[in-house]
Amino acid sequence: MDWASIFIYDTTWVFAAEIVIRVIVMFALIILFLRFTGKRGVRQLSIFELTIILSLGSIAGDPMFNEDLPLIQAVLIMSIVILLYRLCTWAMMKYQPFEDLLEGKSLYIVEDGMLVLDKIKKGKMSHDEFFAEMRQQGVEHLGQVRTGLLETDGNFSILLYAPDHTIYGMPLFPKQYQPVKEIESGTHYACMHCGYVNHISDPNQLCERCKNDCRDWAKALNSKIVR
């Protein structure tokens, strides 16, 4: 095996120096582009903005090492992308339908301590993904949440009930989120599919709200949130 061919091939000292210059220039252009977007982190980017950032991989990467691509082409392309970004941003501020088309709309996932049924049926967000987001914000059960909103940038915003107004809700941690086998009299139980809370007489009782065929119920909690 020719290791020199694998690692060096026909690379010369002159082209190596040229690569250094290309990388510095393109690296500076990427930082300049991100500065123009006004964003401080990828988590804050919308789908539209993230698409533009990902396109930099091709625009900026190839000219760093490909001697057949002059830097002026990359500069021209990035300038056009920045111009288009500014144009689309202006259009989104002026026309709401255009903004909805590019960035989508915020989705209500939780309302009044229960999951929003139409979002569950459409598969907008899986239970595991939702539970993880809630747990990371210190939420133990749905009875602590008045409203949960999935933002267009992927963040999850929640409004909590005041501690004195906490209601019974579906548990979000694995040990509590388990189907019961025996029913205790006077105990609240939560549908494991939609979060509906009720007194039930049979562990296989059909949920009145979502009509879920699984018929699984977990013991509801009403503990207050701790901050």
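A brief report on the enclosed structure follows. Fair warning: this is a prediction, and the values are worked out from it, not measured in the lab.

Conventions used here
Residues numbered from 1 in each chain as written. Predicted model: local features only at pLDDT ≥ 70, side-chain atom pairs only at ≥ 80, totals over all residues. Heavy atoms only, no water. Core = buried A, V, L, I, M, F, W, Y, C linked by side-chain atoms within 4.5 Å. Buried < 20%, exposed > 50% of the residue type's maximum accessible area, 1.4 Å probe, protein only. Helix = DSSP H or I, 4+ residues; strand = E, 2+ residues; numbered from the N terminus. Contact = heavy atoms within 4.5 Å. Pairing = 2+ DSSP bridges. Disulfide = S-S within 2.5 Å. Salt bridge = Lys/Arg side-chain N within 4 Å of Asp/Glu carboxyl O. Arc of directions from axis to C-beta.

Of all hydrophobic cores here, the largest spans 20 residues; its most connected members are Phe130 and Met134. Broken down by secondary-structure element, the contributors of at least two residues to this core are β1 (107-111), α7 (127-136), β3 (145-150) and β4 (156-160). If one sorts the elements of this core by residue count, α7 sits on top with 3 residues. Setting aside chain neighbours within four positions, we find Met134 in contact with Val139, Val145, Phe156, Ile158 and Leu172.

Now for the sheet that holds strand β6 (residues 197-198). Spatially, β6-β5-β7 is the arrangement adopted by the 3 strands of the open sheet, whose pairing is antiparallel. Each of the sheet's edge strands pairs with one partner strand only, and the pair in question is β6 and β7 (217-219).

Per the stated rule, a full pass over the model turns up 0 disulfides. Here Cys194 stays unpaired: no disulfide links it, and the sulfur of Cys210, its closest cysteine neighbor, is 3.7 Å away. Since its relative accessible area comes to 12%, Cys210 is described here as buried.

Turning our attention to the pattern of salt bridges. Summed over the entire model, instances satisfying the criterion amount to 2 salt bridges. When the shortest N-O distance is used, the salt bridge between Lys224 and Asp164 registers 3.4 Å. With Lys224 in the segment after β7 and Asp164 in the loop between β4 and β5 (189-191), this pair connects stretches of sequence that are 60 residues apart. Residue Glu184 pairs with Lys219 through a salt bridge whose shortest N-O separation is 3.7 Å. With Glu184 in the loop between β4 and β5 and Lys219 in strand β7, this pair connects stretches of sequence that are 35 residues apart. By relative accessible area, which is 45% here, Glu184 ends up partly exposed.

The next subject is the environment of Leu56. With respect to the element layout, Leu56 can be found in helix α3 (residues 47-65). Classification of Leu56 as buried rests on a relative accessible area of 5%. For the pair formed by Leu56 and Leu29, sequence separation is 27 residues and the distance between their alpha carbons is 9.9 Å.

This brings us to α7. When we look at burial in α7, the residues that qualify are Phe130, Phe131, Glu133 and Met134. Seen along its axis, α7 keeps its buried residues to an arc of 160°; they face one direction. Across α7 from its buried face, at more than 90 degrees, point the exposed residues Asp128 and Gln136. On its buried face, α7 sits against β1, β2 (114-115), β3 and β4.

Attention now goes to the pairing of β1. Of the pairings in the sheet, the one linking β1 to β3 comprises 4 bridges and is antiparallel in character. For Val110, the partnering residue across the bridge sits in β3 and is Gly148. Here β1 runs beside β2; their pairing, made up of 2 bridges, is antiparallel. Bridging across to β2, Glu111 finds its partner in Met114. What sits between β1 and β2 in their antiparallel hairpin is a turn of 2 residues, with Asp112 showing a positive phi close to 55°.

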